[in-house]
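Understanding the architecture of this molecule
Spelled out from the first residue to the last, the chains are:
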Amino acid sequence: MPIRPMKDSSETHLVIKTQPLKQHNPKTVQNGKIPPPVTTPANGQTQASSPSPPAKNRSRRRNRGGRKSDQGDVCMRPSSRPRKPPPPPSQTTSLAPVVAASAGDIVAVNHQMQMGVRKNSNFAPRPGFGTLGTRCIVKANHFLADLPTKDLNQYDVTISPEVSSKSVNRAIIAELVRLYKESDLGTRLPAYDGRKSLYTAGELPFTWKEFTVKIVDEDDGIINGPKRERSYKVAIKFVARANMHHLGEFLAGKRADCPQEALQILDIVLRELSVKRFCPVGRSFFSPDIRTPQRLGEGLESWCGFYQSIRPTQMGLSLNIDMASAAFIEPLPVIEFVAQLLGKDVLSKPLSDSDRVKIKKGLRGVKVEVTHRANVRRKYRVAGLTTQPTRELMFPVDENCTMKSVIEYFQEMYGFTIQHTHLPCLQVGNQKKASYLPMEACKIVEGQRYTKRLNEKQITALLKVTCQRPRDRENDILKTVQHNAYDQDPYAKEFGMNISEKLASVEARILPAPWLKYHENGKEKDCLPQVGQWNMMNKKMINGMTVSRWACVNFSRSVQENVARGFCNELGQMCEVSGMEFNPEPVIPIYTARPDQVEKALKHVYHTAMNRTKGKELELLLAILPDNNGSLYGDLKRICETELGLISQCCLTKHVFKISKQYLANVSLKINVKMGGRNTVLLDAISCRIPLVSDIPTIIFGADVTHPENGEESSPSIAAVVASQDWPEVTKYAGLVCAQAHRQELIQDLYKTWQDPVRGTVSGGMIRDLLISFRKATGQKPLRIIFYRDGVSEGQFYQVLLYELDAIRKACASLEPNYQPPVTFIVVQKRHHTRLFANNHRDKSSTDRSGNILPGTVVDTKICHPTEFDFYLCSHAGIQGTSRPAHYHVLWDENKFTADGIQSLTNNLCYTYARCTRSVSIVPPAYYAHLAAFRARFYMEPEIMQDNGSPGKKSTKTTTVGDCGVKPLPALKENVKRVMFYC
């Protein structure tokens, strides 16, 4: 194979592996306490301080800690304007204006909180079980697993020479077990994690031993001849013993600290056989044999598989099994793959520069095998693509730089005649040297997951595969469990684990839907949703806003001015019918512009309208966009919200031509809340009947962090926080956004301080700003905080709680001395694999129209945590596929919610989502935070990216500032911040 030198790459890849987090022993949780502070040792790692040494064999906890509090610069003054109902006397201790807190005050407060937390570092305990609602039975995709009676032993594995591939490591250990199981291993069948750890049920006959193992090099590719063997030394050393008694007590609810190591071992044991049978991806396993792969387009196909995880629950150990699908690269000849990728015949037509870029991106990192050698199928990983076609490629064959063409080399060396010499070659090999392979001599190796972004068509095709009705999904899960035959699994037998083949039957309750209040002028003044939905017929928005000054810009060539005008009239009339006041005449005539002139067009409309209205700003901009508008939508939102301070509503061309009353009604709901109105409120809210919300001024936060897609290594993560700005209604939410370090989950800007040359230490941050905003909007300071946090995995619970609760505390303390309203901190999870099914699919009274469980179904027993305060809530009606219940985990609760209290509040809030007349699947503040974070990604500065001289492609990135910071997002205009611009 021809080889040429390749330049050394300066690219560095850093992988940070998170460690499992441990909890302290259970103690009573008291009000006014936060999780333990952190100290920063000399090595730079942060860790929770603890008065006692860590237990034996307990993994190290890694946490992000709070900074010391700084001096506050703004006082939060209590309101002189009373609200109903009045807060209890014990909560209104300060009625006079107060001065800014001193640094000493805040440090004292924080010290007091920290001292309390050292004693109470576990999460909120379950206060009891809910009783509200209609009782029913549902089935869950959890399968009871017996707890092993033997203690499990952990051994450290060292393989030399070191191997980076898990599959090679597994092959080495499999060969070791085959050779030595009956002798040196004392008949033990160990489970192996593919890296450094080996586990056995019972001890091995030694504490340390070294073995020599030879395995065949599978990538050698020789089919019929002798293959190369590699020799490895494997050292096995006893490390620790996992205590099953501790796990048993935890599952029984007698201990609150979960032995994560024991669970991890059992998870590895039950994965061992599946790892050998299927293609593992994370916690899931895929195979083309489970179901026939479906083509997704552009050289990709979908593989079906299953997810598997061992979980601690109230019923004991539970094996959570769910169906899964993923995109894989189709194992095609490379030329056929390229033809699919480009969507054209590549054998007769020349490749353009953009074609080459697309091929290079599509094949980089993909494993291929050669097909031009009869009995050799050696495998290589693609590093790149040659800039020249094969017919022009030459390379030196000796030290004298004697040149030979690739065509000649393959003919002489292998007797292989290259047919398609106009195509480039693949560059394969390591960073030191690259080898040339003709495309027609290569085939893509089977079983490679596609990790880059899918396009719209591929996403649609994948969703068709994954979208299963509940009954079908349940049947597939049961078939998977039977096919896996855990009762025949030699590893499960070895470790004494028996898995039930029946879905868990769980007691559930269906919470009642809340009454919704609409305006008194409508025919229907209130409404009781039916099966999670209702409509706006005969109803008017409870607070309909007025749109006096508006304009429309049309970016769609296919929409004529009279059509655009007719659409705007229809939309205005729908807003009027829904309870708004909408001026039928725009400030200026509809302005038509080209999509590539978006900034010029928006500024023209803005300034022309300002001149017409003698300096009064536009209240609303309607924009008609082409159906496929590329970056136009994002550019428009960025310019409107961060440069001009315009509230905008975009409508696609297809909706302008095919005007639907339902579509117009939904758009009018969005316009009203963007203008600062309310569509509906909970009847219990305005009647002041919501427990632990209506009694004293309460602010409800939602927070989320969205991360860049796979393959984007430099883009920042975006954090968003929203907070309710009305009380007792809790319906309007103001939002703030910020950029932070790539894939950083902890929200960095919740509270911050900086040095001002005149004012000294200045406090700020999103929590502080939203608390002040609440005070300005309601005239009262919040006396209770409810914080819904989205997007946190279980392994990050402790870190997020520690860091973000500390930031909330500091933000409060910076506003007023001793201002520490009680906080309830709840994590919202949608990316889990628990599914709930109706007990009887034929009983139509227990399902919605899609065959899913009814909205309001809540579960807090059996499949939930043994001691902590969590519950599953399916708050929405299914549309298609199987509904995914949201999992709520109350990590901290100083407000002393009952199970019924937090479950009912959460379910009722799901009916207040502003953009539609349906209950939604997660609590609206968390949903709004997600929308705001997604919107903010459009605010990042666009820059022109070029690859190998190809035409520039617009992408969004932020430039890194310093070693750890990112360039801040452009600030939202003040009038935009105050309303629900992200809706």
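Note that this is a predicted model, so its numbers are computed, not measured. (Residues numbered from 1 in each chain as written. Predicted model: local features only at pLDDT ≥ 70, side-chain atom pairs only at ≥ 80, totals over all residues. Heavy atoms only, no water.)

In this section: the overall build of the protein chain. Helices and strands together make up the secondary structure of the protein chain, namely 21 helices and 47 strands. By residue count, 54% of the 983 residues in the protein chain fall in the buried class. Taking the contacts inside the protein chain whose residues are at least 6 apart along the sequence as the reference set, 73% of them involve residues at least 24 apart. Counting every atom, the protein chain has about 44,000 Å² of accessible surface; 50% of that belongs to carbon and sulfur. (Helix = DSSP H or I, 4+ residues; strand = E, 2+ residues; numbered from the N terminus. Buried < 20%, exposed > 50% of the residue type's maximum accessible area, 1.4 Å probe, protein only. Contact = heavy atoms within 4.5 Å. Areas by Shrake-Rupley, 256 points an atom, 1.4 Å probe, with all protein chains shown as cover.)

What follows concerns the layout of surface pockets. Taken as a whole, the second largest pocket holds about 840 Å³ of empty space. Lining the second largest pocket are 36 residues, and of these E974, N975, K977, R978 and V979 lie nearest its centre. Every element with two or more residues in the lining of the second largest pocket is listed here: α15 (661-674), β35 (733-740), α17 (766-778) and α21 (974-977). Considered class by class, the residues forming the lining of the second largest pocket number 14 nonpolar, eight polar and 14 charged. (1 Å grid on protein atoms, 1.4 Å probe; cavity = no way out; pocket = protein on both sides within 12 Å on 5 of 7 lines; lining within 4 Å. Points joined across faces, edges and corners; volume = space filled by probe spheres on them. Nonpolar A, V, L, I, M, F, W, Y, C, P; charged D, E, K, R; others polar.)

So, about unusual backbone geometry. The residue after S160, namely P161, is reached through a cis peptide bond having omega 0°. Among the structural elements, P161 can be located in the loop between β6 (152-160) and α2 (166-180). For the bond running from W727 to P728, omega is 15°, close enough to zero to count as cis. Looking at where P728 falls in the secondary structure, it is placed in the loop between β34 (717-724) and β35. Despite not being glycine, E298 has its phi angle at roughly 60°, a positive value. Looking at where E298 falls in the secondary structure, it is placed in the loop between β13 (294-297) and β14 (300-313). Judged by its relative accessible area of 29%, E298 is partly exposed. A positive phi angle is found at N818, which is not glycine, with a value near 60°. Inspection of the secondary structure puts N818 in the loop between α18 (797-813) and β39 (823-829).

A word on the confidence of the model for the protein chain. Residues of the protein chain with pLDDT of at least 70 account for 84%, and the chain-wide mean is 86. Scored below 50 in pLDDT, residues 4-120 makes 252 contacts in the model with residues more than four places away or belonging to other chains. Contacts of residues 943-963 to residues separated by more than four positions or lying in other chains number 40 contacts, the stretch itself having pLDDT below 50. (pLDDT = per-residue confidence, 0-100.)

A few words now on the packing of aromatic side chains. The relation between two aromatic rings is expressed through the spacing of the ring centres and the mutual angle of the planes. Tallying each qualifying case throughout the model produces 27 aromatic pairs. Ring geometry for W534 against Y911: centres 6.1 Å apart, planes inclined by 25°, an arrangement best described as stacked. With W534 in the loop between β25 (526-527) and β26 (546-547) and Y911 in the loop between α19 (899-909) and α20 (924-936), the pair connects residues that are 377 residues apart, well separated along the chain. Both residues of the pair, W534 and Y911, belong to the buried class. On the basis of an interplanar angle of 20° and a centroid distance of 5.2 Å, the ring pair of F871 and Y888 is categorised as stacked. Here the residue F871 occupies a position in strand β42 (residues 869-874), and Y888 occupies one in strand β43 (residues 886-893), the gap between them amounting to 17 residues. Residues F871 and Y888 agree in their burial class; the two are buried. Of the aromatic side chains, those joined through ring pairs into one cluster are Y733, Y913, Y927, Y928, F981 and Y982. (Phe/Tyr/Trp six-rings, centres within 6.5 Å; stacked < 30°, edge-to-face > 60°.)

Once that is clear, we can look at α2. Think of an α-helix as 3.6 residues a turn; residues three or four steps apart then line up on the same face. With 15 residues, α2 should cover 21 Å at 1.5 Å per step; its first-to-last C-alpha distance of 21 Å lies within 8% of that length. Taken together, the buried positions of α2 are occupied by N169, R170, I172, I173, E175, L176 and V177. Where α2 is buried, its residues touch β6, β7 (191-192), β8 (197-201), β9 (208-216), β10 (229-242) and α4 (260-277). (Expected span 1.5 Å × (residues − 1).)

This part is about the sheet that holds β8. Pairing within the open sheet is antiparallel, and its five strands lie in the order β7-β8-β6-β10-β9. The two strands at the open ends of the sheet, each matched to only one other strand, are β7 and β9. Examined bridge by bridge, β6 and β10 share nine bridges and lie antiparallel to one another. For T158, the partnering residue across the bridge sits in β10 and is A235. (Pairing = 2+ DSSP bridges.)

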